[in-house]
Amino acid sequence: MLVREMDRQECNEFIARLAFGRLACSRENQPYIVPTYFAAEPDRIYGFATLGQKIEWMRSNPLVCIEADEVKTQNDWASVVVSGRFEEFPDTPEYAEQRRRAQAFLEKRGAWWQTAFGAAQTRSQFDRDIPVVYCIQIHKITGRKASRDPKS
Ligand SMILES: Cc1cc2nc3c(=O)[nH]c(=O)nc-3n(C[C@H](O)[C@H](O)[C@H](O)COP(=O)(O)OP(=O)(O)OC[C@H]3O[C@@H](n4cnc5c(N)ncnc54)[C@H](O)[C@@H]3O)c2cc1C
């Protein structure tokens, strides 16, 4: 098996196509990771959620990580890791343009709001369905791609 680095453009195209990954945040040295849909453009990743643990934790520590991968076979896979900063787009006139742009990207996936509201059904600790539009400003993005070694 050969493993190579993916360049920035490959990484950007990969996460934009997958639109799904694991979002990791941390609080008081405790990591927390959940699967989530997202929408990506070259410098940022947009997400939609309802208020719960991950939003509370990202508000208290905005440094987060996203991992996305595609595994076809043991010798044919790719994964991308993003480090970035959480930024919330509140429903206020000041953030209207950012929310509009985020929503335009998120809407490319049908029923983009559904999973976030579904997650609210299991909550008791938080108000159940407060919507949150956010982005992750990408600080660093790296990718690795594996393929079969033609010599083996
Ligand atoms: C394919 C897929 C796509 C998803 N897309 C979105 C999305 O776009 N937006 C969105 O908001 N959510 C999405 N989810 C759900 C997401 O993974 C979380 O379950 C949800 O957002 C609630 O997270 P929270 O931190 O607010 O948890 P809370 O409702 O605050 O609950 C916290 C507690 O629930 C546990 N918990 C939370 N989520 C999970 C989980 N997935 N698996 C196991 N335990 C869990 C935590 O360990 C903790 O104990 C998606 C899930 C999947 C599988």
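What you see is a predicted model; the values in this text were computed from it and never measured. (Residues numbered from 1 in each chain as written. Predicted model: local features only at pLDDT ≥ 70, side-chain atom pairs only at ≥ 80, totals over all residues. Heavy atoms only, no water.)

Caption draft 1: Here's a closer look at empty space enclosed by the protein. Overall, the coordinates contain one cavity of 30 Å³ or more when judged by the stated rule. Empty space within the largest cavity amounts to approximately 30 Å³. Looking at the largest cavity, the residues that line it are Tyr37, Phe38, Ala39, Phe105, Leu106 and Arg109. (1 Å grid on protein atoms, 1.4 Å probe; cavity = no way out; pocket = protein on both sides within 12 Å on 5 of 7 lines; lining within 4 Å. Points joined across faces, edges and corners; volume = space filled by probe spheres on them.)

Caption draft 2: Summary view of the layout of surface pockets. If you add up the space inside the largest pocket, you get close to 350 Å³. Around the largest pocket sit 22 residues that line it, and Val34, Pro35, Lys54, Ala119 and Arg123 are the ones nearest its centre. Grouping the amino acids of the lining of the largest pocket by side-chain chemistry returns 12 nonpolar, seven polar and three charged. (Nonpolar A, V, L, I, M, F, W, Y, C, P; charged D, E, K, R; others polar.)

Caption draft 3: Spatial organisation of the state of the cysteines. In total, this model carries zero disulfides according to the counting rule given. In this structure Cys11 is not part of a disulfide, and its nearest cysteine sulfur, from Cys65, lies 13 Å away. A relative accessible area of 1% means that Cys11 is categorised as buried. The thiol of Cys25 is unpaired, and the distance to the nearest cysteine sulfur, on Cys65, comes to 11 Å. Classification of Cys25 as buried rests on a relative accessible area of 4%. (Disulfide = S-S within 2.5 Å. Buried < 20%, exposed > 50% of the residue type's maximum accessible area, 1.4 Å probe, protein only.)

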